[in-house]
Amino acid sequence: MTVYDVTTRAHHQPVVVRRFGLTPIQIGMLFEGPMQGKPSVFLQQIVLRMPGETLDIPIFEEAWGYVQARHEALRTSYAWVGLDEPEQTVWSEATVVTRTHDWRGQDDEQVDRSLEEWLAGNRDRGYDVTALPTIRLDVFHVGRDTPELGGAPSTILVWTNHHVHIDGRSSRLLHEELFDIYERLLDGRKVEITPAPRFADHAAAVALQDLDGAKDYVRRWFGGFDEPLDLGLEVAPRGDAPVAGTALRVLPADVMDRLQARSKDAAGSLGTAMMVAWSVVVGRYARRDQVVFGSTRAGRHTTPDAANIIGCLINTVPMIATVRSDVTIADIYAELRRQQLEVRPYEHMPLADVQTWSDMPRGTPLFETDVVFENYRSEDQLRALGGA
């Protein structure tokens with residue numbers, strides 16, 4: 001294996017553009033991870049496979065430079081030592097570093113094994129959010145050089161960042177923009193960069209949210225819920241290493257069509273359908289008529305341009321569902337949908353405050369499960385762009 005560092009230096013000494021406070025979700029991520037000496041917590045690794053494609057590294061870095069210059073979140077570092085509150089700093093520019101790995105001598109099985117080992121080491125390495133760059137880019141050249149040896153040259157791109165910088169929807173937007181610019185540069189077409197909406201504006205709007213209204217909302221919906229759910233499942237004692245696992249279930253197309261139709265009839269979405277299903281499952285395990293769980297929302301209602309902001313805009317809010325035997329699926333849909341609409345003005349309320357406002361005993365979480373629904377797939381998008 002051969003590793004090369006390809007570095008595009010900043011043209012000038014970076015200077016501070018602005019400093020501002022963190023949103024509640026960002027503070028929580030830093031507190032649970034880097035501030036506790038756990039740089040791997042909330043680390044994100046996105047693996048993009050591009051079969052039959054050889055990435056042009058200089059042009060790719062040029063494209064990334066355009067994207068990084070446009071979005072402030074990609075030029076942001078975080079600080080908390082010696083400060084009353086953590087703060088984020090936007091810099092004028094940042095160095096682009098791409099590490100390239102030559103694995104072209106390995107067959108597919110060896111590549112998969114090497115990648116699994118590399119990803120594990122990359123996770124252990126963690127991420128220093130106090131310094132730039134915001135995102136680590138690693139390019140793996142794989143496949144055989146000649147048809148006689150079997151296969152064709154291909155590329156694997158691994159994109160590593162801390163969740164405090166960007167969320168899933170931002171990653172999708174960045175992938176789309178990055179490969180659009182990359183294709184334009186490859187074709188020799190002109191690249192025009194327009195000003196992007198700023199994450200700082202979102203953070204400012206979150207700082208002005210109506211916490212009194214949020215408190216009333218929590219007490220109205222969750223007042224009286226004062227006993228934690230016991231799902232009857234064995235969990236690792238606090239302090240022990242977490243146990244992680246993945247369960248994959250692919251639904252047939254006809255089932256997805258029926259879910260889509262049912263969600264549309266109920267004025268909801270597939271995300272709502274997943275929450276309905278989770279409510280029923282949790283109710284059965286906990287043997288309770290009413291259940292509370294978390295729902296991670298995109299959080300893109302703070303500013304007129306929030307849908308296109310690059311940053312970490314998500315937040316998790318509590319949801320409650322009545323799952324008695326006399327309640328229909330349509331009733332659960334309606335109850336959850338009503339909450340989805342009512343919580344929108346308060347969707348960035350801090351979970352620490354939610355815990356305080358609820359009737360749950362001090363130190364006992366209001367909920368311990370969370371539904372995260374993502375209705376996009378980056379690899380499909382890259383294929384549409386000709387990049388995978």
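Novice: Let's hear about the overall build of the protein chain: which residues, and what values?
Specialist: Helix and strand counts for the protein chain stand at 11 helices and 11 strands. Here the protein chain, with 388 residues, has 43% of them falling under the buried criterion. Here the protein chain has roughly 20800 Å² of accessible surface; of this, 50% comes from carbon and sulfur atoms.

Novice: Talk me through the sheet that holds strand β11 (residues 370–371); I want residue IDs and the actual numbers.
Specialist: Taken in spatial order, the 3 strands line up as β10-β9-β11 in an open sheet, and their pairing is mixed. With one partner strand each, in any of the chains shown, β10 (315–322) and β11 form the two edges of the open sheet. Sheet topology places strand β9 (residues 290–297) next to β10; 8 bridges connect them, and they run antiparallel. Bridge pairing links Gln290 to Thr322 in β10. Helix α9 (residues 329–342) contacts β9 and β10 of the sheet and is inclined by roughly 150° relative to β10.

Novice: I'd love a proper account of empty space enclosed by the protein, names of residues and values included.
Specialist: Under the criterion given, the structure shown has 1 cavity of 30 Å³ or more. If you add up the space inside the largest cavity, you get close to 60 Å³. Forming the walls of the largest cavity are 14 residues, and the residues nearest its centre are Phe20, Ala73, Thr76, Gln88 and Phe199. For the lining of the largest cavity, the elements supplying multiple residues, two or more each, are β4 (76–79), β5 (87–91) and α5 (199–207). By residue class, the composition of the lining of the largest cavity is 8 nonpolar, 5 polar and 1 charged.

Novice: Talk me through a negative patch on the surface; I want residue IDs and the actual numbers.
Specialist: A cluster of like negative charges, contributed by Asp226, Glu227, Asp230 and Asp359, occupies part of the molecular surface. The class for Asp359 is partly exposed, based on a relative accessible area of 43%.

Novice: So what's going on with the side chain of Gln68? Residues and values would help.
Specialist: Inspection of the secondary structure puts Gln68 in helix α2 (residues 57–70). Gln68 gets classed as buried once you look at its relative accessible area, which sits at 4%. Not counting chain neighbours up to four residues away, the residues in contact with Gln68 comprise Leu74, Arg75, Ala94, Thr95 and Val96.

Novice: Describe in detail the pattern of salt bridges, supporting the description with residues and values.
Specialist: For the structure shown, the criterion picks out 16 salt bridges. In this structure, the salt-bridge partner of Glu72 is Arg18, at a minimum N-O distance of 2.2 Å. Of this pair, Glu72 sits in the loop between α2 and β4 while Arg18 sits in strand β2 (residues 16–21), placing them 54 residues apart in sequence. Among the residues examined, Arg18 registers a relative accessible area of 23% and is labelled partly exposed.

Novice: So what's going on with the confidence of the model for the protein chain? Residues and values would help.
Specialist: Of all residues in the protein chain, 89% have pLDDT values of 70 or greater, and the mean over the chain is 89. Within the model, the stretch residues 1–7 combines pLDDT values under 50 with 23 contacts to residues more than four positions away or in other chains. pLDDT under 50 marks residues 381–388. Its contacts with residues more than four places away, or in other chains, come to 18 contacts.

Novice: Go over the nonpolar core, please, and point to the residues and values.
Specialist: Tyr217, Leu336 and Met349 are the most contacted members of the largest nonpolar core, which totals 31 residues. Here this core gets 5 residues from one element, more than from any other, and that element is helix α6 (residues 211–222). Setting aside residues no more than four positions away along its own chain, Leu336 makes contact with Thr272, Met275, Val276, Ser279, Phe293, Met319, Ile320 and Ala321. Within the second largest apolar cluster, 28 residues are counted, among which are Phe60, Val96, Val139 and Leu173.

Procedures and definitions
- Residues numbered from 1 in each chain as written.
- Predicted model: local features only at pLDDT ≥ 70, side-chain atom pairs only at ≥ 80, totals over all residues.
- Heavy atoms only, no water.
- Helix = DSSP H or I, 4+ residues; strand = E, 2+ residues; numbered from the N terminus.
- Buried < 20%, exposed > 50% of the residue type's maximum accessible area, 1.4 Å probe, protein only.
- Areas by Shrake-Rupley, 256 points an atom, 1.4 Å probe, with all protein chains shown as cover.
- Pairing = 2+ DSSP bridges.
- Contact = heavy atoms within 4.5 Å.
- Axes fitted to C-alpha atoms, helices over the stretch in contact; angles between N-to-C directions.
- 1 Å grid on protein atoms, 1.4 Å probe; cavity = no way out; pocket = protein on both sides within 12 Å on 5 of 7 lines; lining within 4 Å.
- Points joined across faces, edges and corners; volume = space filled by probe spheres on them.
- Nonpolar A, V, L, I, M, F, W, Y, C, P; charged D, E, K, R; others polar.
- Patch = residues over 30% accessible without salt bridge, like charges linked within 9 Å, V, L, I, M, F, W, Y side chains within 5 Å.
- Salt bridge = Lys/Arg side-chain N within 4 Å of Asp/Glu carboxyl O.
- Lys, Arg positive; Asp, Glu negative; His and termini not counted.
- Charge placed at Lys NZ, Arg CZ, Asp CG, Glu CD.
- pLDDT = per-residue confidence, 0-100.
- Core = buried A, V, L, I, M, F, W, Y, C linked by side-chain atoms within 4.5 Å.

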